[in-house]
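# Fold and geometry: a report
Chain by chain, the residues:
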Amino acid sequence: MRTKIYAGNWKMHYGPAETAAFFAELGEWLKGDKKTAAALNDAEIEVLIYPTAVCLESAARAIGLQNGQKLPFTIGAQNVHWESKGAFTGEISVSMAKEVGCSYVLVGHSERRHLFGETNEQTHKKIESVLAADMIAMLCVGELLEEREAGRTFAVIDAQLAEGLGNLVSQPDLADRIVIAYEPVWAIGTGKTASDLDAQQVCAHIREWIASRNAPAAKRLRILYGGSVKPENSAAIMAQPDIDGLLVGGASLAPSQFERILTAS
Ligand code: PGA
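Since this is a predicted model, take the numbers as computed values, not measurements.

Right, let's talk about the side chain of Ser129 for a bit. Structurally, Ser129 can be placed in helix H6 (residues 120–132). A relative accessible area of 16% places Ser129 in the buried class. Apart from residues no more than four positions distant in its own chain, Ser129 is found in contact with His81, Trp82 and Val94.

Right, here's the structure in full:
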């Protein structure tokens with residue numbers, strides 16, 4: 001069985017105080033939701049939040065990472081640099097993210113690719129340094145609307161996988177170290193969700209692509225869908241056989257919405 005992941009990508013939202021308040025509210029809610037608490041406890045599901053870099057410390061404190069983890073949530077960094085240190089103004093390193101309590105790093109999010117020019121080659125270097133630090137890389141892949149309309153969805157995703165993963169794809173423990181998130185760019189923040197069948201088709205393709213290079217890992221690999229996920233559409237997406245989780249942007253900012261997503265599916 002693959003542990004399901006519900007991940008919230010906060011992008012450039014919330015400061016330290018709002019971050020602490022979010023986790024306090026989610027923690028209170030969890031006390032009253034025994035089913036979700038048991039699912040977290042039994043590792044049937046995992047709840048992961050990517051706050052802004054300056055709020056990681058606040059998030060780590062809120063979930064009690066430094067003193068025996070009070071709340072069963074994990075945190076990740078939205079972005080890292082692949083070098084361990086140096087003259088890279090504005091960047092953070094993998095070891096800094098790890099030291100503050102991150103177990104995941106988001107790599108190649110479409111906003112990084114399309115607003116900040118992140119290339120497949122850079123995603124590969126980032127994944128290498130994340131794995132070297134014994135953290136989990138969540139690689140985002142997805143096509144632009146014009147690429148979908150030109151029938152190039154699979155070709156774009158194949159290139160993002162091939163160049164992003166490189167020779168790491170044959171690692172025996174790939175499924176423990178990498179998660180793939182399929183996020184069609186045209187569905188992110190637009191209110192347009194891929195239909196559950198379209199999302200399934202691409203996620204199945206991703207699993208087959210991995211299977212042809214590393215069959216044992218493909219069965220265990222977690223593949224998420226992201227792009228305008230809401231409480232209203234999350235259950236149908238999660239019901240698809242090749243979708244093991246959700247990467248949620250806007251709807252992860254309000255605890256009440258995020259809770260409904262966690263419990264709807
Ligand atoms: P959205 O963002 O849910 O607001 O569309 C998803 C994402 O960018 O990860």
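Let us look at the packing of helix H1 (residues 16–32) against helix H13 (residues 255–264). Where H1 meets H13, the axes come as close as 10 Å, and the angle between the chain directions of the two elements is 45°. With respect to each other, H1 and H13 are oriented oblique. Here H1 runs over H13; the crossing is right-handed. Counted together, Phe22, Glu25, Leu26 and Trp29 of H1 and Pro255, Phe258, Glu259, Leu262 and Thr263 of H13 form the full contact between these two elements. Split by residue class, the contact of H1 with H13 holds six nonpolar, one polar and two charged.

Of the pairings in the sheet, the one linking strand E2 (residues 45–50) to strand E3 (residues 74–77) comprises two bridges and is parallel in character. Within the sheet, the bridge partner assigned to Ile49 lies in E3 and is Ile75. The β-α-β motif built from E2, the intervening helix H3 (residues 56–62) and the parallel element E3 has right-handed crossover chirality. Across two bridges, the pairing between E3 and strand E4 (residues 104–107) is parallel. Counterpart to Gly76 in the pairing with E4 is Tyr104. Taken together, E3, helix H4 (residues 94–100) and E4 form a β-α-β motif whose crossover is right-handed.

The subject of this paragraph is the environment of Ser234. Position of Ser234 among the secondary structure elements: in helix H12 (residues 231–238). Residue classification places Ser234 among the buried residues on the basis of a relative accessible area of 0%. Spatially, the C-alpha atom of Ser234 lies 33 Å from that of Ser93, the residues being 141 residues apart in sequence. Once residues within four sequence positions are removed from consideration, Ser234 is found in contact with Val229, Leu246, Ile261, Ala264 and Ser265.

Surveying the vicinity of the ligand reveals 14 residues, the closest of which are Lys11, His109, Glu183, Gly189 and Ser228. Measuring from an oxygen atom of the ligand, one finds a side-chain N or O atom of His109 at 2.7 Å. Protein chains bury 94% of the 280 Å² of accessible surface belonging to the ligand in isolation. Within the shell around the ligand, the residues separate by chemical class into five nonpolar, seven polar and two charged.

Calculation criteria
Residues numbered from 1 in each chain as written. Predicted model: local features only at pLDDT ≥ 70, side-chain atom pairs only at ≥ 80, totals over all residues. Heavy atoms only, no water. Helix = DSSP H or I, 4+ residues; strand = E, 2+ residues; numbered from the N terminus. Buried < 20%, exposed > 50% of the residue type's maximum accessible area, 1.4 Å probe, protein only. Contact = heavy atoms within 4.5 Å. Axes fitted to C-alpha atoms, helices over the stretch in contact; angles between N-to-C directions. Parallel < 35°, antiparallel > 145°, perpendicular 65-115°, else oblique. Left-handed = near helix turned anticlockwise from the far one by under 90°. Nonpolar A, V, L, I, M, F, W, Y, C, P; charged D, E, K, R; others polar. Pairing = 2+ DSSP bridges. Right-handed = clockwise from strand over helix to strand, strands pointing away. Near = heavy atom within 4 Å. Polar contact = N/O pair within 3.5 Å; in protein donor to acceptor, adjacent residues only side chain to side chain. Areas by Shrake-Rupley, 256 points an atom, 1.4 Å probe, with all protein chains shown as cover.

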